[in-house]
Amino acid sequence: MIRIFCLLLTLVAAGAHAVTLDQLQQRFASQPVIRANFEQVRTISGMSQPLVSRGQLLIAQQQGLWWHQVTPFVMTLILDDKRMVQSMSGQPSQVITADSNPQMFQFNHLLRALFQADEKVLRENFDLDFQDRGNDSWQLSLIPKAAPLNKIFNRIDLQGAAFLNGITLDDKQGDKTVITLSDTRTEPKQLTDEERARFAPAQ
């Protein structure tokens, strides 16, 4: 089950100036809607071949995250401030709220903050190592401070340049998940009617 969800906001070109974490957060926050394609590669200890999935995602500051996996099977995940909904073809939707599963919901809410580069939330949960790599490229490494995150992850790395383009999750079981983002779009700046309908509660 993919629990990733919130993500990526565009960076304005920084020219010759060094990128700081504060600037990164401000630039991420300046874009109300982000659309991108993703490829997720999971390398699992004991398995000879990695698991590869692909699809599209949408991040809207006011609505939340829409994560639509197309291959190897169709699955849709919606994450907002109140609920997480996972839908798979031919199966009833699974809904998780803060009341029904507080720990799971807290974890997913934290991931949303992660992909929006919310420095306040990140510093509460991680030791941060931000590196400006020049030419507007950067890396943000996160080391979990306390449970439950330090029981799940060794570290989380985000890499980017003009956009956030890579996320690597290194977990305690010896598995690794690499998410690569491509074809990132910021236009139109508002959700279309079809996109807005994706976040509407099922009737």
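This is a predicted model, so every value here is computed, not measured.

Trainee: So what about the pattern of salt bridges? Which residues, and what values?
Mentor: Within this structure, the stated rule accounts for eight salt bridges. The shortest N-O distance in the salt bridge between Arg 35 and Glu 195 comes to 2.7 Å. Remark: Glu 195 occurs in helix 5 (residues 193–198) and Arg 35 occurs in strand 1 (residues 33–43); sequence separation between them is 160 residues. Just as Arg 35 is buried, Glu 195 falls in that class too. The salt bridge partner of Glu 124 is Lys 120, with a shortest N-O separation of 2.8 Å. In this pair, Glu 124 and Lys 120 both sit in helix 3 (residues 119–125), four residues apart, roughly one turn of the helix. A residue is classified by how much of its surface remains accessible, and Glu 124, at 49% relative accessible area, is partly exposed. For Lys 120, a relative accessible area of 60% corresponds to the exposed category.

Trainee: For the sheet that holds strand 6 (residues 94–97), give the residues involved together with the corresponding values.
Mentor: Spatially, the 11 strands line up as an open sheet ordered 6-5-4-3-2-1-11-10-9-8-7, and their pairing is antiparallel. The strands lining the two open edges of the sheet, one partner per strand, are strand 6 and strand 7 (126–134). Mean inter-strand twist for the sheet, computed between neighbouring axes without regard to direction, equals 15°. As paired strands, strand 7 and strand 8 (residues 137–144) are joined by eight bridges and run antiparallel to one another. By the bridge assignment, Gln 131 is partnered in strand 8 with Gln 139.

Trainee: Could you give an account of helix 1 (residues 21–29), with specific residues and numbers?
Mentor: Since one α-helical turn is 3.6 residues long, residues separated by three or four positions face the same way. Of the positions making up helix 1, those classed as buried are Leu 21, Leu 24, Arg 27 and Phe 28. Viewed end-on, helix 1 has its buried residues packed into an arc of 125°, placing them on one side of the element.

Trainee: Outline the pairing of strand 4 (residues 75–79), supporting the account with residue identities and numerical values.
Mentor: Two faces belong to every sheet, and in a regular strand the side chains alternate between them. By the criterion of burial, strand 4 is predominantly enclosed, with five of the five residues buried. Residues Met 75, Leu 77 and Leu 79 point to one face of strand 4 and Thr 76 and Ile 78 to the other, with burial holding for every one of them. Pairing analysis gives five bridges linking strand 3 (residues 64–71) to strand 4, with the strands arranged antiparallel. Looking across to strand 4, one finds that Gln 69 is bridged to Met 75. Hairpin connection from strand 3 to strand 4: three residues lie between these consecutive antiparallel strands. Taken together, the five bridges between strand 4 and strand 5 (residues 83–88) define a ladder with antiparallel strand orientation. Bridge pairing in strand 5 places Leu 77 opposite Gln 86. Connecting strand 4 to the next strand, strand 5, in antiparallel fashion are three residues.

Calculation criteria
- Residues numbered from 1 in each chain as written.
- Predicted model: local features only at pLDDT ≥ 70, side-chain atom pairs only at ≥ 80, totals over all residues.
- Heavy atoms only, no water.
- Salt bridge = Lys/Arg side-chain N within 4 Å of Asp/Glu carboxyl O.
- Helix = DSSP H or I, 4+ residues; strand = E, 2+ residues; numbered from the N terminus.
- Buried < 20%, exposed > 50% of the residue type's maximum accessible area, 1.4 Å probe, protein only.
- Pairing = 2+ DSSP bridges.
- Axes fitted to C-alpha atoms, helices over the stretch in contact; angles between N-to-C directions.
- Arc of directions from axis to C-beta.

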